[in-house]
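# Examining the three-dimensional arrangement
Given next are the chains, with one letter for each unit.
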Amino acid sequence: MMKRMLPALAVVIALAGCSSVKLDDVPVEDKRAGGVTGQPGPGTGGGQSSVAPVVTDPAAATRSGPVNVARIVYFDYDSYVIKPEFQNLIEAHARFLKANNGRKIAIEGHTDERGGREYNLALGQRRAEAVRRSLGLLGVTDSQVEAVSFGKEKPAAPGSDEASWAQNRRAEIAYR
C-alpha cells in the first residue's frame, strides 16, 4: 500500500510546486507602444531593464598577446635560421612576455609538404626551438615557452606551388 502511495505523493508535490508559478504575469513586449506590458518585476524600475553590465576580465586584453604584432615567423626552404626581418617581431613578443611573466606561449613549428614525415617533424621542431632560443636570449624564461612541431600536418595554405610552400614554412606563436 505504501509503495503505491509514494509515487502518487511525489506527483502531487510536483504539481503543487508548479501551480505557484503565475503564467499570466509574464511581461510581453508591445511593439506598437514600444514598452513592456505586465507587472514590472522587483528592481526593474517600472519597465526599464535591470540587466547588469558585463564585467570583463581586466587581464583579457593581454590574453591574445601584444597588439598589432604578427605571430608568424617564416623560414627559407630546408632552413631554421631566423631571418633579420623577423627580429622586431620576436623582440616585441619578448617585451610582452617579460612584462607579463605569468603568460605562456607555445611556438608551433611547421614545414611545407616536401620531405618525409619524420624529417619534417624534426625540421618543424628546430624552427620552433630557434624562436624559443631567440626569446630566451631576450630574457624570456624557459617556463613561459613551449616549442612543439607539427611538421607538414597543419598547412596554412593548400597547394603544391612555391607560394603555398612559403606560407607553410613557419613558426607560429600561440598565447595560452
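Our subject in this report is the structure included herewith. For clarity, every value in this text was computed on a predicted model and none was experimentally measured. (Residues numbered from 1 in each chain as written. Predicted model: local features only at pLDDT ≥ 70, side-chain atom pairs only at ≥ 80, totals over all residues. Heavy atoms only, no water.)

## Observations concerning the packing of aromatic side chains
In the structure shown here, the tally under the stated rule is two aromatic pairs. The interplanar angle of 55 degrees and the centroid separation of 6.2 Å between the aromatic rings of Y74 and F86 together place this pair among those described as tilted. With Y74 in strand β3 (residues 72-74) and F86 in the loop between β3 and α3 (87-99), this residue pair connects regions lying 12 residues apart in the sequence. With relative accessibility at 29%, the residue Y74 sits in the partly exposed group. Considering the side-chain rings of F96 and Y175, the 5.4 Å spacing of their centres and the 85 degrees angle between planes classify their relative orientation as edge-to-face. With F96 in helix α3 and Y175 in strand β6 (residues 170-175), this pair connects stretches of sequence that are 79 residues apart. Note on accessibility: F96 and Y175 belong to one class, buried. Just above the ring of W165 sits the side chain of R114; from NZ or CZ to the centre is 3.8 Å. (Phe/Tyr/Trp six-rings, centres within 6.5 Å; stacked < 30°, edge-to-face > 60°. Helix = DSSP H or I, 4+ residues; strand = E, 2+ residues; numbered from the N terminus. Buried < 20%, exposed > 50% of the residue type's maximum accessible area, 1.4 Å probe, protein only. Lys NZ or Arg CZ within 6 Å of the ring centre and 35° of its normal.)

## Notes on the sheet that holds strand β5 (residues 145-151)
In any sheet, the strands associate via hydrogen bonds between backbone groups, in a parallel or an antiparallel arrangement. The strand order across the open sheet formed by four strands is β3-β6-β4-β5, and the pairing between neighbours is mixed. Of all the strands in the sheet, the pair left with one neighbour each is β3 and β5. Neighbour to neighbour, the strand axes of the sheet diverge by 20 degrees on average, direction disregarded. Relative to the sheet, α3 contacts β3, β4 (105-110) and β6, its axis offset from that of β6 by approximately 20 degrees. Along the sheet, helix α4 (residues 117-137) makes contact with β3, β4, β5 and β6, crossing β5 at roughly 155 degrees. (Pairing = 2+ DSSP bridges. Axes fitted to C-alpha atoms, helices over the stretch in contact; angles between N-to-C directions. Contact = heavy atoms within 4.5 Å.)

## Remarks on the pairing of β4
When a strand is regular, its side chains alternate between the sheet's two faces. Most of β4 is tucked away, with six of its six residues classed as buried. Both β4 and β5 contribute to a ladder of six bridges, which runs parallel. The residue bridging A106 from the neighbouring strand is E146, located in β5. The parallel pair β4 and β5, bridged by α4, forms a crossover whose chirality is right-handed. Sheet topology places β4 next to β6; six bridges connect them, and they run antiparallel. Bridge pairing in β6 places E108 opposite E172. (Right-handed = clockwise from strand over helix to strand, strands pointing away.)

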